[in-house]
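Observations on the three-dimensional arrangement
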Amino acid sequence: MPQVLTLVGPRSLEIRKVEAQSGLLPGQARLRSVVSGISHGTELNLYRGTSPFHDKDFDREARLFRPRAEANETQHGIGYELVSEVVEVATDVTALAVGDLVHSPNGHCDELVVDVARAMAAELPLSKLPPTDKPERGVFLALAGVALNATHDANVKLGDTVMVSGLGVIGQLIVQLARLNGATTVIGVDPVAARRELAETFGATTIDPKAVEESVGWSVHQANGGVGVDTAIETSGTYRGLHAAIASVAVGGRIVSVGFFRGDAGSDLALGEEWHHNRPQLVSSMGVWACPHRDYPRWNRPRVSRTVNELLFGGQLRVDELLTERVPFADAPSAYAKLDDDPEATMKIALTYR
């Protein structure tokens, strides 16, 4: 019987068996999982119960989070970076064939059946991957889409200077994309030495926020010839990181916010300082939840997916170094607990299925 990783409550996961579909209906394909990636942002917030979805509903028509009477105790799957092999297709399916490798935004499970046309037309589309001996690269496809969308929102141009706050997976990908876009200086900020060292191999100058003499903003200015950068991209999801990004840009510069924030800002965000005096732009980067690309219709989610697919498997984006741990699917609950306990210990954890 197929098995699905199920979130049954905050910090509580179970692998549950579900009924197998014995045959396929027209238009369907059966996928057998190869590898899936765990997200440090969205998934960890859901796992901890700190996501706004825990006690609020997002009203898509009003575009507002609205309070719910009770916290969300609904049990549901978790995950959105699944790489699978097509093992069976209905006779009328032509878009996929047995043996194809695909990426889909489904939760962690060892087998599933999908409606092919609907999955390929979804907001996060099912994507066919090229033949490869490194299917693990596919677990970066959605995150690379986030990074590409953020780089587009940052409008990075040839000769620009860029600061990246947070050097997790998305930050590492943005460092590379900014360099591909022609940024002459990329300054990465992260307290984890291993992450700074990795970003340096991608062409970044790095700063340890715990070791600065005055402030991260001042250190970024000093590393950039005494002036603020053109663009700062915030990926850490911390208000302290956002404040550092605001303090790092030049007058009229742009700050792109990518990270999944939780809770309120407290004293970590002082909007009466550089935000008020330097008139920067603050852009929220979101490529799903019915948020169109800012260059829509020329750019849409399928085009973003195709582009990062080519970059990942064509070698322009390096991700092999970002996958730091592989864990059998049967040990998924332990992997989440480890990530929750020490999120800085790993860059990316992948669940393996065979």
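Structural notes, computed from the coordinates. Just so it is clear, the model here is predicted, and its values are computed rather than measured. (Residues numbered from 1 in each chain as written. Predicted model: local features only at pLDDT ≥ 70, side-chain atom pairs only at ≥ 80, totals over all residues. Heavy atoms only, no water.)

**Focus: the overall build of the protein**
Per the secondary structure count, the protein includes 10 helices and 18 strands. Here the C-alpha atoms of the protein give a radius of gyration of 21 Å, agreeing with the 20 Å that 2.2 N^0.38 yields for 354 residues. Structurally, the protein occupies a C-alpha span of about 65 × 45 × 40 Å along its principal axes. In the protein, buried positions account for 49% of the 354 residues. Taking the intrachain contacts of the protein between residues at least 6 apart in sequence as the baseline, contacts between residues at least 24 apart amount to 69%. Accessible surface, the protein: about 16,600 Å² in total, of which carbon and sulfur atoms supply 50%. The protein carries 34 positive and 44 negative side-chain charges, and their two centres are separated by 4 Å. (Helix = DSSP H or I, 4+ residues; strand = E, 2+ residues; numbered from the N terminus. Rg over C-alpha atoms; globule rule 2.2 N^0.38 Å. Buried < 20%, exposed > 50% of the residue type's maximum accessible area, 1.4 Å probe, protein only. Contact = heavy atoms within 4.5 Å. Areas by Shrake-Rupley, 256 points an atom, 1.4 Å probe, with all protein chains shown as cover. Lys, Arg positive; Asp, Glu negative; His and termini not counted. Charge placed at Lys NZ, Arg CZ, Asp CG, Glu CD.)

**Focus on the side chain of asparagine 224**
Locating asparagine 224 in the fold gives a position in the loop between helix 6 (216-223) and strand 14 (229-234). Looking at asparagine 224, its side chain comes within polar contact range of the main-chain oxygen of glycine 228, at 3.2 Å. Excluding its chain neighbours within four sequence positions, the residues that come into contact with asparagine 224 are Thr161, Thr185, Ile187 and Val229. (Polar contact = N/O pair within 3.5 Å; in protein donor to acceptor, adjacent residues only side chain to side chain.)

**Side note on empty space enclosed by the protein**
Across all of its chains, the model carries 2 cavities of 30 Å³ or more by this definition. Quantified by volume, the second largest cavity comes out at close to 50 Å³. Lining the second largest cavity, in full, are His103, Pro105, Leu124, Pro125, Leu141, Ala142, Arg301 and Ser305. Elements that contribute at least two residues to the lining of the second largest cavity include exactly helix 3 (141-154) and helix 9 (301-314). Of the residues belonging to the lining of the second largest cavity, the class tally is 5 nonpolar, 2 polar and 1 charged. (1 Å grid on protein atoms, 1.4 Å probe; cavity = no way out; pocket = protein on both sides within 12 Å on 5 of 7 lines; lining within 4 Å. Points joined across faces, edges and corners; volume = space filled by probe spheres on them. Nonpolar A, V, L, I, M, F, W, Y, C, P; charged D, E, K, R; others polar.)

**Topic: the layout of surface pockets**
Considering only enclosed or pocket space, the second largest pocket measures out at about 190 Å³ in volume. If you go around the second largest pocket, you meet 15 residues; those closest to its centre are Glu123, Gly287, Cys291, Asn300 and Arg301. Broken down by element, the lining of the second largest pocket gets its largest block of residues, 3 residues, from helix 9. Split into classes, the residues belonging to the lining of the second largest pocket amount to 9 nonpolar, 4 polar and 2 charged.

**Notes on the sheet that holds strand 1 (residues 3-9)**
The strand order 2-1-6 describes an open sheet built from 3 strands, whose pairing is antiparallel. For this open sheet the edge positions go to strand 2 (12-17) and strand 6 (76-77), each flanked by a neighbour on one side alone. Across 6 bridges, the pairing between strand 1 and strand 2 is antiparallel. What sits directly across from glutamine 3, in strand 2, is lysine 17. (Pairing = 2+ DSSP bridges.)

**Re the packing of aromatic side chains**
For any pair of aromatic rings, the description rests on two quantities: the centre-to-centre distance and the angle between the ring planes. Taken as a whole and judged by the stated rule, the model has 7 aromatic pairs. Measuring from centroid to centroid gives 5.2 Å for phenylalanine 53 and phenylalanine 65, while their planes differ by 70 degrees, and the two rings are edge-to-face. Highlighted residues: phenylalanine 53 in the loop between helix 1 (42-48) and strand 4 (56-59) and phenylalanine 65 in strand 5 (residues 64-67), separated in sequence by 12 residues. For the ring pair phenylalanine 58 and phenylalanine 65, a centre distance of 4.9 Å and an interplane angle of 40 degrees mean the geometry is tilted. With a relative accessible area of 36%, phenylalanine 65 lands in the partly exposed category. Three or more aromatic residues joined by ring pairs form one cluster here, namely Phe53, Phe58, Phe65 and Trp289. (Phe/Tyr/Trp six-rings, centres within 6.5 Å; stacked < 30°, edge-to-face > 60°.)

**A closer look at helix 4 (residues 169-180)**
For helix 4, built from 12 residues, the straight-helix expectation of 16 Å at 1.5 Å per residue is met to within 8% by its first-to-last C-alpha distance of 17 Å. Most of helix 4 is tucked away: 10 of the 12 residues are buried. Within helix 4 the residues assigned to the buried category are Val169, Ile170, Gly171, Gln172, Leu173, Ile174, Val175, Gln176, Leu177 and Ala178. Close packing links the buried residues of helix 4 with helix 3, strand 11 (161-165), strand 12 (185-189), helix 5 (193-201), strand 14 and helix 9. Just past helix 4, the residue glycine 182 takes up positive phi, approximately 105 degrees. (Expected span 1.5 Å × (residues − 1).)

**A look at the side chain of glutamate 43**
Within the secondary structure, glutamate 43 is located in helix 1. Buried charge without a salt bridge: glutamate 43, with lysine 348 as the nearest opposite-charge side chain at an N-O distance of 6.2 Å. There is a polar contact of 2.2 Å between the side chain of glutamate 43 and the side chain of tyrosine 336. Apart from the residues within four sequence positions on either side, glutamate 43 is in contact with Gly37, Ile38, Ile78, Gly79, Tyr80, His108 and Tyr336. (Salt bridge = Lys/Arg side-chain N within 4 Å of Asp/Glu carboxyl O.)

**Focus: the nonpolar core**
Residues Phe140, Leu173, Ile233, Leu312 and Leu322 are the most contacted members of the largest nonpolar core, which totals 49 residues. Mapped by element, the contributors of at least two residues to this core are strand 3 (28-37), helix 3, strand 11, helix 4, helix 5 and helix 9. Counting residues per element, this core draws most heavily on helix 3, at 8 residues. Ignoring any residue separated from it by four or fewer positions in sequence, one finds isoleucine 233 in contact with Ala150, Ala154, Val162, Met163, Val164, Ser165, Ile174, Val256 and Val258. Among the nonpolar cores identified, the runner-up in size contains 30 residues, and Leu44, Leu339, Leu351 and Tyr353 belong to it. (Core = buried A, V, L, I, M, F, W, Y, C linked by side-chain atoms within 4.5 Å.)

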